[in-house]
Amino acid sequence: MCGIVGILSKNNNGFTHEQKEMFGELLVADIIRRWDSTGVFGVTKSGDVEILKADCHAADFVRLKEFKKFEQKMWNSYQMAIGHNRAATKGTVIAENAHPFQDGRITLVHNGTIWNQQALKADVEVDSMAIAHALNSDDEGGAAKALESIDGPFALVWYDNVSKTLNLARNDIA
């Protein structure tokens with residue numbers, strides 16, 4: 001199963017050096033959950049989302065030039081950073097299928113495997129993308145309705161860039 005890590009800053013100036021270092025260490029320690037691919041997203045003070053993902057092991061990911069740029073933004077731009085290590089239960093192991101997934105206003109990381117992916121969004125290879133699509137729907141009932149429609153075990157972390165909220169949800173299916 002996949003692994004999810006995250007860190008939030010109450011400081012308007014972003015994260016401290018120690019917090020930035022801890023985030024990278026959490027991402028590497030989370031390899032215990034799997035290593036098929038790694039990804040992160042940062043949310044700025046104004047609520048903008050920036051994503052970085054690759055089809056590599058977290059220990060290699062944190063050495064990427066692009067991740068070093070992500071870390072620099074943690075000092076002065078980001079108010080939250082979320083990381084993910086993927087266990088490829090559905091879909092091929094390519095950078096495109098790494099987390100996070102973005103659909104409209106929703107940026108999502110997911111742990112679990114759902115069984116009704118096609119009912120949520122038929123034209124995607126990875127069930128997590130189908131969940132992001134369902135959460136982005138403008139259907140009456142919003143996120144609560146989308147969560148009820150998911151069949152299978154899940155733990156989710158998503159950011160909604162319209163409401164400017166970080167959301168967490170899980171169900172009790174093992």
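Residues numbered from 1 in each chain as written. Predicted model: local features only at pLDDT ≥ 70, side-chain atom pairs only at ≥ 80, totals over all residues. Heavy atoms only, no water.

## What to know about unusual backbone geometry
The omega angle of the peptide bond from His99 to Pro100 is 5°, so this bond is cis rather than trans. Residue position: Pro100 is located in the loop between strand 4 (78–86) and strand 5 (101–103). Not every positive phi belongs to a glycine, and Lys164 is a case in point at roughly 60°. Position of Lys164 among the secondary structure elements: in the loop between strand 7 (154–160) and strand 8 (165–170). The exposure class of Lys164 is partly exposed, given its relative accessible area of 43%. (Helix = DSSP H or I, 4+ residues; strand = E, 2+ residues; numbered from the N terminus. Buried < 20%, exposed > 50% of the residue type's maximum accessible area, 1.4 Å probe, protein only.)

## Examining the sheet that holds strand 5
Reading across the sheet, the 4 strands line up as 5-6-7-8 and stay open at both edges, with antiparallel pairing between neighbours. Looking along the sheet, the strands with just one partner apiece sit at the ends: strand 5 and strand 8. Recorded for the sheet is a direction-independent mean angle of 20° between the axes of neighbouring strands. Those strands touched by helix 5 (residues 127–136) are strand 5, strand 6 (106–112) and strand 7, and its axis lies near 135° from that of strand 6. (Pairing = 2+ DSSP bridges. Axes fitted to C-alpha atoms, helices over the stretch in contact; angles between N-to-C directions. Contact = heavy atoms within 4.5 Å.)

## Let's talk about the packing of aromatic side chains
In total, this model carries 4 aromatic pairs according to the counting rule given. Ring geometry for Phe61 against Phe67: centres 5.5 Å apart, planes inclined by 55°, an arrangement best described as tilted. Of the residues examined, Phe61 reaches a relative accessible area of 0% and is grouped as buried. When its relative accessible area of 0% is taken as the criterion, Phe67 is described as buried. (Phe/Tyr/Trp six-rings, centres within 6.5 Å; stacked < 30°, edge-to-face > 60°.)

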